[in-house]
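So the chains spell out like this:
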Amino acid sequence: MPINGEKFINKHEKKHTKRINYERGRRLDKYKIFLERISNNKEKISIFLIVFVSLFYTRTLLLSSNDFIPSGLDFDSNLSPIAYMLNSNFSLWNDSWMLGFPDYAGPLNNIFYPISTLTFFLFGIVLGLKILIFIHVLLSGVGFYFFSQNLTKNNWARMYGSIIYMLSGSLAAKIYAGHLEKLMIFPWIPIALYFFYKAIDDERPKYLIFSSISASMFIFAGDAYGAIFFLFLFVAFFSTKIIYSTNHKKTIYIFLKIIVFTLLIVSLKLIPLVAIKDYLTRSIDVLAGLENVFLVFSHFYSTRVNDFYGGWEDYSFIGYLPFILFIIGFIFHKSKEKYYLILSIIIALIWVQDNIPYLAKEIHSLPILNNFRIPTRIYLFLTFYIIAISTLGFDYTINKLKEKNISNKNIFYFSFILLIFSSYAVYSTNFIFLKTEIDESNMKIYDDLKIVYKSFEQKDNIYPAWIEFEKPENLLKYHVFIQKGYHNFNSYYGYSFNYSKYININNINYSIPDIQISMSPNEDDKNKLFIQAHKYNNSLPSVFVIRGDQIVTDNSIVETYQPGNVVINLTHVLSNDVIVLKMNWYKYWFVYLDDEKHTPFETNSYQGLLSFQIPSSQEKLRIHFKYIPNDLYIGLSLMLLSVPLYIILYIFNKRKSIKYNRG
């Protein structure tokens, strides 16, 4: 009996062990199947996670009331042109802004940037801005993910780089500061490089045109700084590619084709920008912001929260861990792809350095470069360089673990923890600046300003009053919506035509502005403004005639007033009378007398106002001032020239491919 009992027990134990092994095997099989599914769909899963993180990161913006707008310091300057154009049926001349301004030509203008214009057109300014921020946070992550396939095949490393890039301090700081143009170029750094790789590896013309379109976005987004800095990266990238290429001629040919097509595409914005640059004034110190090169990297692992608003140009926090991985990738990774990033870092350090005598002064005094202030704005690109090399450091670390025969399961856990830890550190530090974007009080000043504006708006029933604003120094949130769009309180982000407040005629000072509005925080409620309007008693009318040393105001009747199109009927005019329109003189304004085209004169213009000398005495005279943006037409023509060139290139490439296949 005991023997039979032992047999029964042993048999039972064997069955139990077999069942355990079977269940364990099933679990192992399920785990393997799970890993295989992840491996087969890792790109889709990665994109899904990037979308989720970007939605979670911007949730306070997206879920806020449509009445609330992000209160970045400079959003108003960026939104003014596009808001005016949307509200005025896409008028090219803004007649309400600083005595008139060609918004499409403004340095920071992004009207030709397709994503922002389409978003604002579909959703309006307030909701459109929130959606625009989300889109570019998402594009930054997705763009880096696809670009990083040229650095590593390790999906964990690519995910790590993508999430850190879109959560980085540089992006958060640009949103917080209201630098819309810098927010919009952030994703195009990796996207353009991704297409550069494609253009080199695949000779199909579509990648050439995608490369050129991507590169043109830096100008279309209204960031001339970004365009210059990306040019540095562009040259560094192709220089290293030429060195390592087995076919130097082909690489140089691709390089030149991308330049030609990019210049043609961007002509739509570049030609107007070149045309307007000599008429703009701005007080700048090109050397302000230079920094000791040994302190540069501290901006990436130090938060500097207390003086954040004074340092948002160089706030670039990504934390210690990515910086440690950057050092590992910089020193140990053998990838050839890191060398153009290293070369770009060297250029960036030279750009901001202040401890090599005379070098910075000489660089920033060169033509074109002498108009770029705050050198630390290149940290936006330096963020990309550092995270890209940090991604290589992540890849190197994982490869070392594999060499030590660490199990895939443990490598999976290690990679996951590394990704979560580094992402959370960056998110939790930078999210506070994105979270503070929502200011529920900034709409409270709208109605007050509308009342002030409308009370003077009816001055002559035709011309909008020209308003000066005095921005209170201690007020950071000051979005104001008035009848014709967003107007900020200082100017078009510091860029304006040369103008004067007064005209001296016969030793009498006449005021050009009609009204000045002074604003200060309400002492009882700091979220509201105390608004005070001052009307100039000796202000000039919107249209007047200067006869000798006298001003004549009773012989002009306005027939038509539209942006860029003003018709005036004059009576009893004498030869050499000068008619003056209180509008900025610009070289694309023309005058028509009985359908005969003339050019308003600049030499004797009155303080930069649009003026024209009457050729002969007449009892009645009809004068038509018309704005014709020839610079825009030239730019559009050059841009359209890229289409037939692309078709020719496509046909040539097709024939070459057919000939090769036959051979």
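What you see is a predicted model; the values in this text were computed from it and never measured. (Residues numbered from 1 in each chain as written. Predicted model: local features only at pLDDT ≥ 70, side-chain atom pairs only at ≥ 80, totals over all residues. Heavy atoms only, no water.)

## Here we look at the nonpolar core
Okay, so step 1: Counting residues in hydrophobic clusters, the biggest one holds 154 residues, and the most contacted among them are Phe-147, Phe-196, Phe-384, Ile-579, Tyr-586 and Phe-625.
Okay, so step 2: Considering each element in turn, this core owes the most residues, 13 residues, to helix H18 (residues 379-403).
Okay, so step 3: In this view, Phe-384 contacts Phe-144, Phe-147, Tyr-165, Ile-189, Pro-190, Leu-193, Leu-233 and Leu-341; residues no more than four positions away in its chain are not counted.
Okay, so step 4: Counting 11 residues, the second-largest nonpolar core is a separate cluster that includes Ile-503, Ile-512, Val-578 and Leu-609. (Core = buried A, V, L, I, M, F, W, Y, C linked by side-chain atoms within 4.5 Å. Buried < 20%, exposed > 50% of the residue type's maximum accessible area, 1.4 Å probe, protein only. Helix = DSSP H or I, 4+ residues; strand = E, 2+ residues; numbered from the N terminus. Contact = heavy atoms within 4.5 Å.)

## Remarks on the sheet that holds strand E17 (residues 609-613)
Okay, so step 1: With antiparallel pairing, four strands are arranged side by side in an open sheet as E11-E10-E14-E17. Where the open sheet ends on each side, the last strands, each with one partner, are strand E11 (550-552) and E17. Each adjacent strand pair in this sheet contributes to an overall mean axis angle of 30 degrees, direction not counted.
Okay, so step 2: Pairing of strand E10 (residues 543-547) with strand E14 (residues 578-584), which is carried by four bridges, proceeds in the antiparallel orientation. Bridge assignment links Val-545 to a residue of E14, and that residue is Ile-579. (Pairing = 2+ DSSP bridges. Axes fitted to C-alpha atoms, helices over the stretch in contact; angles between N-to-C directions.)

## Observations concerning the sheet that holds strand E16 (residues 596-598)
Okay, so step 1: The sheet built from five strands is open, its strands ordered E12-E13-E18-E15-E16 with antiparallel pairing. Unpaired on one side and paired on the other, strand E12 (556-562) and E16 mark the two borders of the sheet. Taken pair by pair, the neighbouring strands of this sheet meet at an average axis angle of 25 degrees, ignoring direction.
Okay, so step 2: Summarising the sheet, strand E15 (residues 589-593) and strand E18 (residues 618-627) pair through five bridges and their orientation is antiparallel. The residue of E18 that forms the bridge with Phe-590 is Lys-626.

## Some details on the side chain of Ser-116
Okay, so step 1: Looking at where Ser-116 falls in the secondary structure, it is placed in helix H5 (residues 114-123).
Okay, so step 2: Exposure remark for Ser-116: the relative accessible area of 0% places this residue in the buried category.
Okay, so step 3: Among the polar contacts listed, one links the side chain of Ser-116 to the backbone oxygen of Tyr-113, at a separation of 3.2 Å.
Okay, so step 4: Ignoring anything within four residues of it in the chain, the contact list for Ser-116 reads Asn-110, Leu-132 and Met-184. (Polar contact = N/O pair within 3.5 Å; in protein donor to acceptor, adjacent residues only side chain to side chain.)

## Quick notes on the packing of helix H2 (residues 42-57) against helix H6 (residues 125-147)
Okay, so step 1: Running from amino to carboxyl end, H2 crosses H6 at an angle of 150 degrees, the nearest separation of the two axes being 9 Å. Between H2 and H6, the angle is such that the two are roughly antiparallel. The chirality of how H2 crosses H6 is right-handed. Only Phe-134, Val-137, Leu-138, Gly-141, Val-142, Tyr-145 and Phe-146 of H6 make contact with H2, whose side of the interface consists of Lys-42, Glu-43, Ser-46, Ile-47, Ile-50, Val-51, Ser-54, Leu-55 and Tyr-57.
Okay, so step 2: Looking at side-chain class alone, the contact of H2 with H6 contains 11 nonpolar, three polar and two charged residues. (Parallel < 35°, antiparallel > 145°, perpendicular 65-115°, else oblique. Left-handed = near helix turned anticlockwise from the far one by under 90°. Nonpolar A, V, L, I, M, F, W, Y, C, P; charged D, E, K, R; others polar.)

## Some details on the packing of aromatic side chains
Okay, so step 1: Summed over all chains, the structure comprises 56 aromatic pairs.
Okay, so step 2: Note on Tyr-145 and Phe-146: the rings are 5.8 Å apart at their centroids and 80 degrees apart in plane angle, and the pair reads as edge-to-face.
Okay, so step 3: Taking 6.0 Å as the distance between ring centres and 80 degrees as the angle between the ring planes, the aromatic pair formed by Phe-229 and Phe-381 counts as edge-to-face. Of the two residues, Phe-229 sits in helix H12 (residues 224-244) while Phe-381 sits in helix H18, which places them 152 residues apart along the sequence. The residues Phe-229 and Phe-381 share a single accessibility class, namely buried.
Okay, so step 4: Taking NZ or CZ as reference, Arg-158 lies 3.9 Å from the ring centre of Tyr-145, over its face. (Phe/Tyr/Trp six-rings, centres within 6.5 Å; stacked < 30°, edge-to-face > 60°. Lys NZ or Arg CZ within 6 Å of the ring centre and 35° of its normal.)

## Some points on the pattern of salt bridges
Okay, so step 1: Taken as a whole and judged by the stated rule, the model has eight salt bridges.
Okay, so step 2: The residue Asp-278 makes a salt bridge to Lys-277 at a minimum N-O spacing of 3.1 Å.
Okay, so step 3: Close ionic contact of Lys-400 with Glu-403 constitutes a salt bridge, the shortest N to O distance being 3.4 Å. Highlighted residues: Lys-400 and Glu-403, both in helix H18, separated by three residues, approximately one helical turn.
Okay, so step 4: With relative accessibility at 34%, the residue Lys-400 sits in the partly exposed group.
Okay, so step 5: Residue classification places Glu-403 among the exposed positions, given a relative accessible area of 56%.
Okay, so step 6: The network of salt bridges with common partners includes Glu-181, Lys-182 and Asp-223. (Salt bridge = Lys/Arg side-chain N within 4 Å of Asp/Glu carboxyl O.)

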